[in-house]
Amino acid sequence: LNLGLPFGLEVMLRYFPTTAYQDYGKFAYMGFGLRYDIDQWIPMCPVDIAVHFMTQKLTFKSSSDQDIFTGKATAYGVEVSKKLFILTLYGGFQMESSTLTVADYLYSGNDPTLQGVNIPGFEVKGNDKSRFTVGARLLLLFINVHADYSFSTTPVLTLGAGITIR
């Protein structure tokens, strides 16, 4: 959910409520971000320019509420776009960091040879540092179709669709 506010501010919310599935465990996801239009302060600017900050957290716990893993990511950057009727061209630069933490785990399954064995946890820092992105978005009534390509540690091509209400 993205909500445009006055004064060039946009609030972004990503949320998936804690969900349990049988005896497999519990999953939860939460993220938020802010975007601020800085082109409003540049007279006669021919493009839209914004800065942003985003953070998110994903957790997975056992059915007995024991931590299994947590993933966290943070990003901030600048984006530039130009709207041409129903087509928007965009690009940007973003700095990123991420961490995946796997908790210590005390085995409590059905295998008697592993019963009570403690499996040590660990933490992995993401190899992400920064990325450049270029893309295009097509707005057909309220359907938003986009494609973009990111030049980063691992190049990524993204295709997507969504609903836009403005």
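Our subject is the structure that appears above.
These remarks concern the structure in this document. What you see is a predicted model, and the numbers here were worked out from it, not measured in a lab.

### Considering the overall build of the chain
Point 1. Tallying secondary structure elements over the chain gives zero helices and twelve strands in all.
Point 2. For the chain, the α and β elements follow one another from N to C terminus as β-β-β-β-β-β-β-β-β-β-β-β.
Point 3. What you see for the chain is a C-alpha radius of gyration of 21 Å, clearly larger than the 15 Å of a compact globule of 166 residues, by over 25%.
Point 4. On the principal axes, the C-alpha backbone points of the chain span a range of 70 × 30 × 30 Å.
Point 5. Across the chain, the 13 positively charged side chains and the 14 negatively charged ones have centroids separated by 5 Å.

### Observations concerning the packing of aromatic side chains
Given two aromatic rings, one states the distance between the centres and the angle between the planes to describe the pair.
Point 1. Under the counting rule described, the total for this entry stands at six aromatic pairs.
Point 2. Taking 4.8 Å as the distance between ring centres and 45° as the angle between the ring planes, the aromatic pair formed by Phe 93 and Phe 132 counts as tilted. Of this pair, Phe 93 sits in strand S6 (residues 87-102) while Phe 132 sits in strand S10 (residues 130-140), and the two are 39 residues apart along the sequence.
Point 3. Take Phe 93: its relative accessible area is 28%, and that puts it in the partly exposed class.
Point 4. Plain terms: the ring middles of Tyr 149 and Phe 151 are 4.8 Å apart, the flat faces sit at 80° to each other, and that makes the pair edge-to-face.
Point 5. Taking relative accessible area as the criterion, Tyr 149 reaches 31% and is therefore assigned partly exposed.
Point 6. Judged by its relative accessible area of 46%, Phe 151 is partly exposed.

### Regarding the pairing of strand S12 (residues 156-163)
Point 1. With respect to burial, S12 is a largely exposed element, only zero of its eight residues being buried.
Point 2. Sheet topology places strand S11 (residues 143-151) next to S12; eight bridges connect them, and they run antiparallel. In the strand pairing of S12, Val 145 is matched with Ala 161.
Point 3. In textbook terms, the turn of a hairpin is the stretch between consecutive antiparallel strands, and for S11 and S12 this stretch comprises four residues.

### Looking at the side chain of Asp 39
Point 1. Looking at where Asp 39 falls in the secondary structure, it is placed in the loop between strand S3 (25-37) and strand S4 (48-61).
Point 2. We note that Asp 39 is buried and unpaired, the nearest opposite charge coming from Arg 35 at a distance of 9.7 Å.
Point 3. Not counting residues within four places of it along the chain, the set of residues in contact with Asp 39 comprises Cys 45, Val 47, Asp 48 and Ile 49.

What counts as what
- Each chain carries its own residue numbering, running from 1 in the written order of its sequence.
- pLDDT decides what is reported in this predicted model: residues at 70 or higher carry local features, side-chain atom pairs at 80 or more are listed and counted, and totals for whole chains, interfaces and linings draw on all residues regardless.
- Hydrogens and water molecules were not included; the side-chain quantities draw on all heavy atoms of the structure.
- Each helix is a run of DSSP H or I of at least 4 residues and each strand a run of E of at least 2, with the numbering of both proceeding from the N terminus.
- Restricting the calculation to C-alpha atoms gives the radius of gyration, and the globule rule supplies 2.2 Å times the number of residues raised to the power 0.38.
- None of His or the chain ends enter the tally, which takes Lys and Arg as positive and Asp and Glu as negative.
- Every charge is mapped onto a representative atom, which is NZ of Lys, CZ of Arg, CG of Asp or CD of Glu.
- Pairing of aromatic side chains requires ring centres within 6.5 Å, counting the rings of Phe and Tyr and the six-membered ring of Trp. Pairs whose planes differ by under 30 degrees are stacked, by over 60 edge-to-face, and all others tilted.
- Each residue's exposure class comes from its accessible area (1.4 Å probe, protein chains only) as a fraction of the maximum for that residue type: buried when under 20%, exposed when over 50%, partly exposed otherwise.
- At least two bridges found by DSSP between two strands is the condition for calling them paired.
- Throughout this description, the term salt bridge denotes a Lys or Arg side-chain nitrogen within 4 Å of a carboxyl oxygen of Asp or Glu.
- The contact criterion used throughout is that any non-hydrogen atoms of two residues lie within 4.5 Å.

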